[in-house]
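# Residue-level structural notes
Listed here are the chains, written in short residue letters.
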Amino acid sequence: MARNREGLVLLVDIGPAMHSVLPDVEKTCSLLMQKKLIYNKFDEVGIVVFGTQETENELARDIGGYENIKVLRNIKVVDELVVDLVKRLPRGPVAGDFLDALIVGMDMLIKMYGAGQKGKKRLCLITNAACPTKDPFEGTKDEQVSTIAVKMAAEGIKMESIVMRADASGDVDERIIEENDHLLTLFSTNAIAKTVYVESPLSLLGSLKTRRVAPVTLFRGDLEINASMKIKVWVYKKVAEERLPTLKMYSDKAPPSDKFAKHEVKIDYDYKVTAETSEVLAPEERIKGFRYGPHVIPISPDEMETLKFKTEKGMKLLGFTDASNILRHYYMKDVNIVVPDPSKEKSVIAVSALAREMRQTNKVAIVRCVWRNGQGNVVVGVLTPNVSERDDTPDSFYFNVLPFAEDVREFPFPSFSRFPASLKPDEQQQAVADNLVKMLDLAPSPKEEVLKPELTPNPVLQRFYEYLELKSKSTDAALPPMNEAFKRIMEQDPELSSSNKSIMDSFSGSFEVKENPKLRKASKRLLRDKPSGSDDEDNRMITYNPNENSIDTVGDANPVQDFEAMISRRDGNDWTDKAISEMKKRIVKLVEDSSTTDEGDKALECLLSLRKCCVLEQEPKQFNEFLNHLYELCQEKKLSHFLEHFTSKKITMIPKSEAADSDVADEEAADFTLKQEPKLET
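The notes below deal with the structure included here.

Parameters at a glance
- Residues numbered from 1 in each chain as written.
- Predicted model: local features only at pLDDT ≥ 70, side-chain atom pairs only at ≥ 80, totals over all residues.
- Heavy atoms only, no water.
- Axes fitted to C-alpha atoms, helices over the stretch in contact; angles between N-to-C directions.
- Helix = DSSP H or I, 4+ residues; strand = E, 2+ residues; numbered from the N terminus.
- Parallel < 35°, antiparallel > 145°, perpendicular 65-115°, else oblique.
- Left-handed = near helix turned anticlockwise from the far one by under 90°.
- Contact = heavy atoms within 4.5 Å.
- Nonpolar A, V, L, I, M, F, W, Y, C, P; charged D, E, K, R; others polar.
- Phe/Tyr/Trp six-rings, centres within 6.5 Å; stacked < 30°, edge-to-face > 60°.
- Buried < 20%, exposed > 50% of the residue type's maximum accessible area, 1.4 Å probe, protein only.
- Lys NZ or Arg CZ within 6 Å of the ring centre and 35° of its normal.
- Polar contact = N/O pair within 3.5 Å; in protein donor to acceptor, adjacent residues only side chain to side chain.
- Pairing = 2+ DSSP bridges.

For the pair helix α16 (residues 575-593) and helix α17 (residues 600-616), interaxial distance at closest approach is 9 Å and the crossing angle is 155 degrees. One finds that α16 runs roughly antiparallel with respect to α17. You can see that α16 and α17 cross each other, and the crossing is left-handed. Residues I580, M583, K584, I587, L590 and V591 of α16 pack against K602, A603, C606, L607, S609, L610 and C614 of α17. For the contact of α16 with α17, the residue count by class is 10 nonpolar, one polar and two charged.

For the coordinates displayed, the defined rule picks out five aromatic pairs. For the ring pair F464 and Y465, a centre distance of 6.0 Å and an interplane angle of 70 degrees mean the geometry is edge-to-face. Since its relative accessible area comes to 1%, Y465 is described here as buried. By way of ring pairs, the aromatic residues Y39, F464 and Y465 are connected into one cluster. Over the aromatic face of W234 sits the side chain of R220, whose NZ or CZ is 3.8 Å from the ring centroid.

In this section: the side chain of D13. Mapped onto the elements, D13 comes out in strand β1 (residues 6-13). At 3.0 Å, the side chain of D13 and the backbone nitrogen of G15 are in polar contact. The contacts of D13, once residues within four sequence positions are left out, are M18, L22, F50, I126, T127 and N128.

Counting buried positions over the eight residues of strand β14 (residues 379-386) gives six, a clear majority of the element. The pairing of strand β13 (residues 363-370) with β14 spans five bridges and is antiparallel. Across the sheet, the residue bridging to C369 is V379, located in β14.

A few words now on the sheet that holds β13. Strands in a sheet are paired, the pairing made by backbone hydrogen bonds, and the direction either parallel or antiparallel. The seven strands lie next to each other as β7-β8-β12-β15-β14-β13-β11, forming a closed barrel whose pairing is mixed. The sheet shows a mean angle of 40 degrees between the axes of neighbouring strands, direction not considered. Bridging between strand β7 (residues 217-226) and strand β11 (residues 314-322) involves two bridges; their strand directions are parallel. From the neighbouring strand, L223 faces β11, where its bridge partner is M315.

Set out below in structure tokens:
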């Protein structure tokens, strides 16, 4: 067996106690085989079931014993037949002995590969571990398990146990379960073994690692503390998004008689000055250009190479900071794990000392990283200590990429404390909301946590593998219905909702929901904050439809609607400034006319709209300067009636808490109106 291949023996309990969950076991095993056909088509798989009426295995024929164990499939290269086989597992009438089944499976791997064979050898046991195991001829069960585990370790065999506890009832002997759990725990002491306990079909689907991903280091080198101290470390990916397999284009143009046809599709691109010309530009006649204002600046490949930032491979410590200073939303990419070089004892000790001190003082480290020579960018990240709880696992760090200033997006929102009491939940509404959160708790104390990441499979990937297997048999295969277990990932548990219907009804009845007719035909929505201190209850959304919106000036009839339409336009870069400028002129005109006409209310409405949009578009300076200008204008024109009306609405400048670009403090904004009141002339 090649080094990058795996020999796997599935050991499946099919006794009476497992009958209720066997459909889910079949589903899990079939997904495993389907992914092997896609990613690891040269892996070899054998299948053993225990709890059968008949006995059919090599050990039983050679030395006797090992009853009620049947080899459904000897170890062979994975194929479509094994997928069908695991979909139709037999139902056994007797209780099976999982220790005997482990010995049969281990014997198959040893005889197939031997100790000198390279590659990975794995046993996967699926059982509820609720049936008694036979006493050995000599010694105790603990001694027997230790002997098996030592032999597995010597042969390089790994073991993975999945224990189903979904249907545990009063008929189950708790002493047997405790004994079997103890025996499974012993395997991890003397062998590479892992036991996972699951309670639901969904957890079962995610418990069996269906794709083997070999650990590959991103970086091997020094973690430089200073010029005279360096620690040898390795960096691996800890979490990375699993994507759909790469689909290749296939050509059926080759003649059927050509056995050596590759059926490849090649794509060539031709570059022309215009679509009408037939002259094709050669590579040396083309150059990249970058937009700079209205111009396109050409930059040659040599210039691009010169512009590249020259980096040297390495990790350098920049310093330490409190863990509270690194917020969770700063993490940008996949998580890596930084471990000490296992061959360097001093590196292990140094990393452990750093990690333990950082955890004790609640510190994290900021580091500069370049994973390989010639890398085009420098990464600044944070090292979080990961202190191991096991003696055989060294301490390490988790690494997360941090953003630069250009990567951070600021979206300021007004504080809830600024809202009037009418917009805050009362005690009764808060109580029903609390009950709703408690009802939908995914980690109730007596039960298994639902949707644990390490036990929750991606439904999109699993559905793709299932359909690909159907298409391999029939090109006209219909899309199968969604598996009920996968629905639990994407939909709320219907049993939970029905059993707590009164809580759901109480929550929905405590909040009145009204349809906003202005949003029915919105093609694009931009959130608009309600300004502090205003009594405007129409907290609307700005909408823009390029096919309908052609307003380019703020008219006299509907100035607010015209202004909002202009500022929401995205077919140019200058519409925001133009809309604000137009609205300022309209407000000044309305204020000046308020001495002879009743235009004061319309002017205030326009001013409120201008304030909202300046917060949204991050233009606080324009509004604040205009507000000062408006006060001076009213005092100059002696428009005391408008100032009184204006002051009663408590319209303030835009403070820094509402717009990050503002240079006005909250206290200054709140005191602005009061400072102007003594200047009113009567």
